[in-house]
Every structure is written in C-alpha cells, then in structure tokens.
Amino acid sequence: MRMTNRLVPAAYRDVSQVPGFRRLLSGEAVSYLGDGLSIVTISLLAIRIAAPEHAALVVGAAVAAYTLPAALGALALAPWLRRVDARTLVTANALLRAGGLGAAAALHLLGLLSPAGYVALLAVSSLLVAWGSAGTYTLVSRLVPAEHRLPANTLLGTSQTTAIIAGPPLAGLLVAATGPGVALAVDALTYLVLAAQLRRIPAVAAPAEPEATRTTSGFRLLARRPELLGLLALTAVFFFLYGPVEVALPLFIVDTLDRSAGFLGVYWAVFGVGALLGGLLAGTLRQVTPWPFTIVVIAGWGAALLPFGFTTSTWITLVGLAVGGLIYGPFPAFNITLFQSAADPADLPAVLAARGSITVAAAPIGAAFGGPLVAWLGPGGTLLASGAATVALAVVAAALRPASTARRPVPAVATPTA
C-alpha cells in the first residue's frame, strides 16, 4: 500500500476516493475501450457487407454515421434534454449506443444487415453522444470538489487515450478470431457495463435553475459568456486544423515514406503513448491558469507537425508525433475544466452539449478539406500547412486573450499538492 501511495500522485489518490467517481470512471473506461474497438470494427464490418465497387462509399458513410449525428442530436434535442438529470443523460446515451450497435451486430450475424441499414443504425446510436459526454462531465462537476476536477477529468481523458492505443490491436485480434459482427457486439456490451455502473452512483441533486434560463439553449447561454464562447471558437478551429492530419498522415507513410499501410499504427501508437504520459503528468500540476496553458499546447502541437514538411526521416517524424502527443495530452482535460469552472452549474449540461455539437463536427469537416489539400500540396506539405496554421492560431489567441481577460477572467485551476 505504501509503495502504491508513492507511485500514484496525491492528486489521483484523492480523486479516486470521491464517492461515485470511481464507479463513473470504471464504467466510462470500459465504454472507451468499446470505442477503441470501433475504430477498426466499424470500417471492417462496412467492408464485409458492401459490394467491392461500393466499399469506399460505405466505409465513409459508416464512419460519418458513427460520429456526426451527435452534432445534430445536440442541437435538435436541446429543448427536451437540457433539463434532464446528468446521470440519466449518460445512461440514455449508453443504452442507445448498446441498442444500435447490438442490433447491427445481431442482424449481421443473422445475415440480414444491409449497408443502408447499417449506416442507419450507426446514425441512431450516435444521436445522444454529445449529451452523454455533457452528462459525464456534469456528473464530475457535481461529484467531485472543484479542487479535484482537473485530475478527475485527466483520468477520464487518459482512459480514453489508453483505449485508443489498446482498442485497435484488440479489435484486430477479435475480428480475426470471430469476425466483425462479434467484435461489434462486444462494443455494444461495453455500453451496457457503463449503464450498470451508473445505477450504482448515488443521485446528485442538480442546482436550482433560474426561471429565466429554463428554456435557454446552450448556444444562447454561451453567447452570454464571452470567455466560454471564445474558448469554444478556439477549440473548434484547433480541431478543424487537425482534421487534414488524419488524411495526410496515412498518405505520407504510404506514398512519401514508401512504407506499408500497417506502419500507420506505429505512428498513432507513439502519439497515443505521448498523449497518455502528457495527460497524466499535467493532472498533477499544483496551479495552472488554463487559458495560457491551452494556447501553449496548441502552439506546441502545431510545431510538432512542422518537421513533416522538411524531412522524410522516419525517426524524426516519429519523434515529432510522440512529442506532439505529449504536448496535446493535457488539452482535453484542461479544456473541459475551463468550462466546468466558468459555466453556471445549472447551465452546464446544455453548455457542454452545445460545445460537443461543434467539437464533434470540427475535425471531420477539417478532414473533408484534407483531400483537396493533399492533392494540391502533397502529404508533407499538408502536414506542414496544418502545423503552421495551428501555430498561427495560437499566436492570434495569445494576442486576443488579454482584452478578454480584462473583461471577465476565468479562474485558474487548482489541483491538490502532490
């Protein structure tokens, strides 16, 4: 026990003792593993059921259907869901994910799954993703004292990163042994585990909501908080500029480096390990002002991409992506902690769902621009352009931030001493 206490920073030991959070973290960690499996499973099942000449179209539609409807759900369902209890939001998303994915798996195993039906089930399963994420981080803000929120958010974020590292190889083994239908059924099962864990979390009373805001949408609430609106804009542009990386990196490896497509996994693995370490280290910091820290992270990630435009060295570019992961790792936790600190507690689910509707769509939209950019600039040039534009974004944010701070500062995030 003493050895464990020495190895685990005090910030994480303290937050793990918060009633309810340990169950939330364990359930979310299992569902994140399901998402890690889906990175491979969704595409492989689409290939399995599509006609060869339509495989690319079906894969693209399936991947989009697994993510983009979350933005639509955040907007269209706001009048009915913004007043729903946070635990109920997470449970509803988990059950809808389990139902949609489970139905697709069952139909495939029965030989009845069509491409159109598959895409439709994936789209239905993703409708509540933004609300589920909003509910998760609202639960964190209500279960965990303010001084422990950053390490709590970091543990959730690093669980997600770990799943992204471990999930695809596990999915490959599972698909090889049993087929994509069984792998998708396992993905669905992980969400049932999350729903079961949520039932064991004690109900947390929501703060009183003023009458004047009960029908106000998340975007209108954001409009009243310029510092949050600015943070959302910064995050959305950051994710948009990241989007072309997902298109250019595979082509950089295959065309520029003349490596096999499987080598892409090595690049994403080193990024994931770097992000995991960066996130865990940042969660132990004692006192951080998140806005400047966020700007530094954005600039650092952009700088990590710059070598791709000047060298074809595998080792240099691998190190660049690993450093980029190390720098990026803290970003998700600090970003969400800023919203938790600055938004009114009663407004948090609607605000986080509005945030999710933008952030979920930003990277895929950026990826859509990645194809034409690669055709114009080439893979290395596209990665260089993405990095340079990201650094420029950080410079602009740093120049504009002082005026915003003077109007309404966002408090620094404090964490327990190590």
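We now turn to the structure provided with this report. (Residues numbered from 1 in each chain as written. Predicted model: local features only at pLDDT ≥ 70, side-chain atom pairs only at ≥ 80, totals over all residues. Heavy atoms only, no water.)

### So, the overall build of the chain
Consideration 1: A tally of helices and strands in the chain yields 18 helices and 2 strands.
Consideration 2: For the chain, with 418 residues in total, the buried portion stands at 50%.
Consideration 3: Contacts in the chain between residues far apart in sequence, at least 24 positions, make up 87% of those at least 6 positions apart. (Helix = DSSP H or I, 4+ residues; strand = E, 2+ residues; numbered from the N terminus. Buried < 20%, exposed > 50% of the residue type's maximum accessible area, 1.4 Å probe, protein only. Contact = heavy atoms within 4.5 Å.)

### Quick word on the packing of aromatic side chains
Consideration 1: For the coordinates displayed, the defined rule picks out 12 aromatic pairs.
Consideration 2: Here the aromatic rings of F240 and F369 are separated by 5.6 Å at their centres, their planes lie at 70°, and the arrangement is edge-to-face. In this pair, F240 is assigned in helix α13 (residues 226-256) and F369 in helix α18 (residues 348-407), connecting sequence segments 129 residues apart.
Consideration 3: Among the aromatic side chains, those forming a connected cluster through ring pairs are F238, F239, Y242, F271, W301, Y328 and F331.
Consideration 4: The positively charged end of R97 is found above the aromatic ring belonging to Y66, 4.0 Å away from the centroid.
Consideration 5: Just above the ring of F339 sits the side chain of R355; from NZ or CZ to the centre is 5.5 Å. (Phe/Tyr/Trp six-rings, centres within 6.5 Å; stacked < 30°, edge-to-face > 60°. Lys NZ or Arg CZ within 6 Å of the ring centre and 35° of its normal.)

### A short note on the side chain of E28
Consideration 1: One can find E28 in helix α3 (residues 21-49).
Consideration 2: Although buried, E28 forms no salt bridge, and the nearest oppositely charged side chain, R97, lies 10.0 Å from it. (Lys, Arg positive; Asp, Glu negative; His and termini not counted. Salt bridge = Lys/Arg side-chain N within 4 Å of Asp/Glu carboxyl O.)

### Describing the nonpolar core
Consideration 1: Formed by 98 residues in total, the largest nonpolar core has its most connected members in F21, Y118 and Y267.
Consideration 2: Those residues in contact with Y267 that sit more than four places away from it in its chain are L249, I253, L257, F308, T314, T317, L318 and L321. (Core = buried A, V, L, I, M, F, W, Y, C linked by side-chain atoms within 4.5 Å.)

### A word on helix α8 (residues 115-125)
Given 3.6 residues per turn, any residue in an α-helix points the same way as the ones three and four places further on.
Consideration 1: Every buried residue of α8 is listed here: Y118, L122 and S125. What you see down the axis of α8 is that its buried residues fit within an arc of 65°, all on one side. (Arc of directions from axis to C-beta.)

### Structural notes on a nonpolar patch on the surface
Consideration 1: On the surface, a nonpolar cluster with roughly 330 Å² of combined accessible area is contributed by L95, L189, L192 and V193.
Consideration 2: Its relative accessible area of 32% is what places V193 among the partly exposed residues. (Patch = residues over 30% accessible without salt bridge, like charges linked within 9 Å, V, L, I, M, F, W, Y side chains within 5 Å. Areas by Shrake-Rupley, 256 points an atom, 1.4 Å probe, with all protein chains shown as cover.)

### Re helix α7 (residues 86-109)
Consideration 1: End to end, α7 covers 35 Å across 24 residues, agreeing with the expected 34 Å (1.5 Å per residue, within 8%).
Consideration 2: Restricting attention to buried positions, one finds in α7 the residues A86, L89, V90, N93, A94, R97, A98, G100, L101, A104, A105 and H108.
Consideration 3: For α7, the capping residue at the N-terminal end is D85, with a side-chain oxygen 3.1 Å from the backbone nitrogen of R87.
Consideration 4: One or two residues past the end of α7 sits G111, with phi positive at roughly 75°. (Expected span 1.5 Å × (residues − 1). Polar contact = N/O pair within 3.5 Å; in protein donor to acceptor, adjacent residues only side chain to side chain.)

### So, the packing of α3 against α8
Consideration 1: Direction vectors running N to C along α3 and α8 enclose 160°, while the axes themselves pass 10 Å from each other. Between α3 and α8, the crossing angle belongs to the class labelled roughly antiparallel. Contacts from T41, I42, L45, A46 and I49 of α3 reach α8 at P115, Y118 and L122. (Axes fitted to C-alpha atoms, helices over the stretch in contact; angles between N-to-C directions. Parallel < 35°, antiparallel > 145°, perpendicular 65-115°, else oblique.)

### Regarding the environment of A78
Consideration 1: Secondary-structure assignment places A78 in helix α6 (residues 78-81).
Consideration 2: On the basis of relative accessibility, which here comes to 14%, the residue A78 falls in the buried class.
Consideration 3: A C-alpha to C-alpha distance of 8.6 Å links A78 and A354, two positions 276 residues apart in sequence.
Consideration 4: Residues in contact with A78, not counting those within four places in the same chain, are G73 and W131.

### Here we look at the environment of G243
Consideration 1: Structurally, the position occupied by G243 is in helix α13.
Consideration 2: Linking G243 and P364, residues 121 residues apart in sequence, is a C-alpha distance of 6.0 Å.
Consideration 3: Not counting chain neighbours up to four residues away, the residues in contact with G243 comprise A363, G366 and A367.

### A look at the environment of A248
Consideration 1: Topologically, A248 is positioned in helix α13.
Consideration 2: Distance from A248 to T382, taken between C-alpha atoms, is 6.4 Å for residues 134 residues apart in sequence.
Consideration 3: For A248, the contacting residues outside a window of four places in its chain are V374, P379, T382 and L383.

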